[in-house]
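# Structural description and commentary
Below are the chains, spelled out letter by letter.
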Amino acid sequence: MALNENKNIKLYYSIKEVAEMLGVNESLLRYWEKEFPHLRPKTVSATKVRQYTAKDIEQLKVIYNLVKVRGFKLAAARKYMNGNRQGAERSSDVLATLTSVRDELKELKRQLDGLV
């Protein structure tokens, strides 16, 4: 039996945690669930509490990238995701990498400015 060696990884995240990760409101996540049929987090039947997996969060990041960053309308984002699923995911990964590189460069510049 394999043990979970990385204790920081959770199986499920609450809607509040996911909203904080993305910097959006919980109501926007609920709205996106209605607009994007492939996005269906697990819900506990008695309480109807949403439980997002890492895969759900990755899909939300792709939706966020298309709608909030690239300015797609919801219908266009839905069509793009249905027609070019891998391309949409790759685009989101590239954006995340570029954002992290930019942040590192800003930090280096800040450190270099402190030396002058």
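## What to know about the overall build of the protein chain
- Helix and strand counts for the protein chain come out as 5 helices and 2 strands.
- For the protein chain, the α and β elements follow one another from N to C terminus as α-α-β-β-α-α-α.
- For the protein chain, with 116 residues in total, the buried portion stands at 25%.
- In the protein chain, the proportion of contacts linking residues at least 24 apart, taken out of those at least 6 apart, comes to 51%.
- Summed over all atoms, the accessible surface of the protein chain reaches about 8500 Å², with 55% contributed by carbon and sulfur.

## Looking at the environment of Ala 96
- Mapped onto the fold, Ala 96 is located in helix α5 (residues 85-115).
- Residue classification places Ala 96 among the partly exposed residues on the basis of a relative accessible area of 47%.
- Between the C-alpha atom of Ala 96 and that of Asn 65, which follows or precedes it by 31 residues, the distance is 9.3 Å.

## Re the nonpolar core
- Of all hydrophobic cores here, the largest spans 21 residues; its most connected members are Val 18, Leu 29, Trp 32, Phe 36, Tyr 52, Leu 60 and Ile 63.
- Where this core is concerned, the elements lending two or more residues are α1 (15-22), α2 (26-35), α3 (54-69) and α4 (74-83).
- Per-element tally for this core: the top contributor is α3, with 6 residues.
- The contact partners of Trp 32, leaving out residues within four places of it in the chain, are Leu 39, Leu 60, Ile 63, Tyr 64, Val 67, Lys 68 and Leu 74.

## What to know about the packing of α1 against α2
- Viewed as axis vectors pointing N to C, α1 and α2 meet at an angle of 100°, and their least axial separation amounts to 9 Å. Here α1 lies roughly perpendicular to α2, going by the angle between them. Each of Ile 15, Lys 16, Val 18, Ala 19 and Leu 22 in α1 lies in contact with α2, whose residues at this interface are Glu 26, Leu 29 and Arg 30.
- Its residues placed into classes, the contact of α1 with α2 shows 5 nonpolar, no polar and 3 charged.

## Some details on α4
- Residues of α4 that are buried: Leu 74, Ala 77 and Met 81. Viewed along the axis of α4, the buried residues span an arc of 60°, placing them on a single side of the element. Turned more than 90 degrees off the buried face of α4, the exposed positions are Lys 79, Asn 82 and Gly 83.

## Describing the pattern of salt bridges
- In the structure shown here, the tally under the stated rule is 8 salt bridges.
- Ionic pairing is found between Glu 58 and Lys 61, a salt bridge with its closest N-O pair at 3.6 Å. With a gap of 3 residues between them, Glu 58 and Lys 61 both fall in helix α3, about one helical turn apart.
- Relative accessible area serves as the criterion here: at 39%, Glu 58 is assigned to the partly exposed category.

## With respect to α1
- Ile 15, Val 18, Ala 19 and Leu 22 are the residues of α1 that are buried. Taken around the axis of α1, the buried residues stretch over an arc of 100°, which confines them to a single face. Along α1, the residues that are exposed and aim more than 90 degrees away from the buried face are Lys 16 and Glu 20.
- Looking at the packing, one finds that the buried side of α1 touches α2, β2 (49-51) and α3.
- Phi turns positive, to about 75°, at Gly 23, one or two residues after α1.

Criteria and thresholds
Residues numbered from 1 in each chain as written. Predicted model: local features only at pLDDT ≥ 70, side-chain atom pairs only at ≥ 80, totals over all residues. Heavy atoms only, no water. Helix = DSSP H or I, 4+ residues; strand = E, 2+ residues; numbered from the N terminus. Buried < 20%, exposed > 50% of the residue type's maximum accessible area, 1.4 Å probe, protein only. Contact = heavy atoms within 4.5 Å. Areas by Shrake-Rupley, 256 points an atom, 1.4 Å probe, with all protein chains shown as cover. Core = buried A, V, L, I, M, F, W, Y, C linked by side-chain atoms within 4.5 Å. Axes fitted to C-alpha atoms, helices over the stretch in contact; angles between N-to-C directions. Parallel < 35°, antiparallel > 145°, perpendicular 65-115°, else oblique. Nonpolar A, V, L, I, M, F, W, Y, C, P; charged D, E, K, R; others polar. Arc of directions from axis to C-beta. Salt bridge = Lys/Arg side-chain N within 4 Å of Asp/Glu carboxyl O.

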